[in-house]
Amino acid sequence: MSGSRRQTFRGITKAIFTRLRKKASKIGLRVPGPCGEAVKDGVRIQWNYDAAQEQLEVECVRAPFWIDSIRVDKELRREIEAVLESSRAA
């Protein structure tokens, strides 16, 4: 199945990006730097983080037949927004 549209998140400080990287690592997604691509269970995700603009772009570029890329997008958005919300509350 093909990918979906790119999602853009603003207000992603370096500390928030670090938290997102750790969170991804806990589920087996290696995010070694500010831009790249990772694959887990057939789901391919690309990201680009611009620290100067505090902006993160993520995109599910491929998903296998058994999972809809729209579902992957929703999960990405939910996880990223949860980290953003928790950092605002701190």
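The structure this text deals with has already been given above.
Residues numbered from 1 in each chain as written. Predicted model: local features only at pLDDT ≥ 70, side-chain atom pairs only at ≥ 80, totals over all residues. Heavy atoms only, no water.

This brings us to the layout of surface pockets. Estimates place the volume of the largest pocket at around 720 Å³. Considering the residues around the largest pocket, the lining is formed by 25 residues, among which Ala 24, Ile 27, Leu 29, Ile 45 and Leu 76 are closest to the centre. When contributions to the lining of the largest pocket are tallied by element, the ones reaching two or more residues are helix H1 (14-26), strand E2 (35-40), strand E3 (43-50), strand E4 (55-62) and helix H2 (69-89). Classifying every residue of the lining of the largest pocket gives 17 nonpolar, no polar and eight charged. (1 Å grid on protein atoms, 1.4 Å probe; cavity = no way out; pocket = protein on both sides within 12 Å on 5 of 7 lines; lining within 4 Å. Points joined across faces, edges and corners; volume = space filled by probe spheres on them. Helix = DSSP H or I, 4+ residues; strand = E, 2+ residues; numbered from the N terminus. Nonpolar A, V, L, I, M, F, W, Y, C, P; charged D, E, K, R; others polar.)

Turning our attention to the nonpolar core. Core analysis: the largest hydrophobic core is formed by 23 residues, its most contacted members being Ile 12, Leu 56 and Ile 80. Contributions of two or more residues to this core are made by H1, E3, E4 and H2. A total of five residues in this core trace back to one element, the largest contributor, which is H2. Apart from the residues lying within four places of it in its own chain, the contact partners of Ile 12 are Phe 17, Leu 20, Tyr 49, Glu 54, Gln 55, Leu 56, Ile 80 and Leu 84. (Core = buried A, V, L, I, M, F, W, Y, C linked by side-chain atoms within 4.5 Å. Buried < 20%, exposed > 50% of the residue type's maximum accessible area, 1.4 Å probe, protein only. Contact = heavy atoms within 4.5 Å.)

Here we come to the pattern of salt bridges. Enumeration according to the criterion identifies nine salt bridges in this entry. Glu 59 is the salt-bridge partner of Arg 6, the closest N and O atoms lying 3.3 Å from each other. A residue pair is termed long-range when its members are at least 10 positions apart, and Arg 6 in the segment before strand E1 (7-10) and Glu 59 in strand E4 qualify at 53 residues. In this structure, Lys 40 and Asp 41 form a salt bridge, with 3.5 Å as the shortest nitrogen-oxygen distance. Judged by its relative accessible area of 32%, Lys 40 falls in the partly exposed class. (Salt bridge = Lys/Arg side-chain N within 4 Å of Asp/Glu carboxyl O.)

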